[in-house]
Amino acid sequence: MFIAKKIKNYPLSSLLVVAIWVVCLIPVPETPLNDVNLIDKWTHFVMYGSLTTVIWFEYIWKKKKNKTFQWKALLIGGMLCPVIMGGLIELAQAYLTTCRSGDIYDFYCNSLGVLLGCLVGLILRAIIRG
């Protein structure tokens, strides 16, 4: 019941979580982008920055009318959870797949993306709440 409610209240965030898990666990096809320096790290940075920004946006948008903004809930759900997810994905890549490998630097890029998303979230909060 708890998870169903979260999915209902945060549909875009839920979709991004599923998409990130799928993308991170399937084999990566060869593309012309493979020649871009550090493309894998940039991808992790952008994925987690986007996820965190969307989590913050959905939370702020839902709470703007009733003024029940709770920092603790947002920091856990919009900062800690994406960082933990990034670590779990790296562990899953290392130990549960044969086509991917876990990388501590990917985890660092995930975490930097989360921090960027939090900064964007703070800006969105200031804009939305006026």
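Residues numbered from 1 in each chain as written. Predicted model: local features only at pLDDT ≥ 70, side-chain atom pairs only at ≥ 80, totals over all residues. Heavy atoms only, no water.

> Is there a simple way to think about the packing of aromatic side chains in this case?
By the definition in use, this model includes 5 aromatic pairs. Seen from their ring centres, phenylalanine 57 and tryptophan 61 are 5.7 Å apart, and the 25° between their planes marks the pair as stacked. With a gap of 4 residues between them, phenylalanine 57 and tryptophan 61 both fall in helix H3 (residues 39-63), about one helical turn apart. Under the relative-accessibility criterion, tryptophan 61 is labelled partly exposed at 44%. Relative to tyrosine 108, the ring of tyrosine 105 has its centre 5.8 Å away and its plane inclined at 75°; by these criteria the two rings are edge-to-face. (Phe/Tyr/Trp six-rings, centres within 6.5 Å; stacked < 30°, edge-to-face > 60°. Helix = DSSP H or I, 4+ residues; strand = E, 2+ residues; numbered from the N terminus. Buried < 20%, exposed > 50% of the residue type's maximum accessible area, 1.4 Å probe, protein only.)

> Whenever I open this one, the state of the cysteines confuses me. Can you help?
Evaluation of the coordinates by the stated rule reveals 0 disulfides. Cysteine 24 supplies the cysteine sulfur nearest to cysteine 99, a cysteine that is in no disulfide, at a spacing of 11 Å. Its relative accessible area of 36% is what places cysteine 99 among the partly exposed residues. (Disulfide = S-S within 2.5 Å.)

> Honestly, unusual backbone geometry in this entry has me stumped. Any pointers?
The backbone phi angle of leucine 38 is positive, close to 60°, even though this residue is not glycine. Checked against the element boundaries, leucine 38 lands in the loop between helix H2 (11-25) and H3. Residue classification places leucine 38 among the exposed residues on the basis of a relative accessible area of 52%.

> In this structure, what is going on with H2? I would like to understand it.
Helical geometry: 3.6 residues make up each α-helical turn, so side chains three or four residues apart lie on a common side. The first and last C-alpha atoms of H2 sit 22 Å apart over 15 residues, in line with the 21 Å expected at 1.5 Å per residue. Those residues of H2 lying buried are Ser13, Ser14, Ile20 and Cys24. Projected down its long axis, H2 carries its buried residues within an arc of 125°, all on one side. Looking at H2, the residues exposed on the side facing more than 90 degrees away from the buried face are Leu15 and Val18. In this structure, the buried side of H2 is in contact with helix H1 (2-9), H3 and helix H4 (71-96). (Expected span 1.5 Å × (residues − 1). Arc of directions from axis to C-beta. Contact = heavy atoms within 4.5 Å.)

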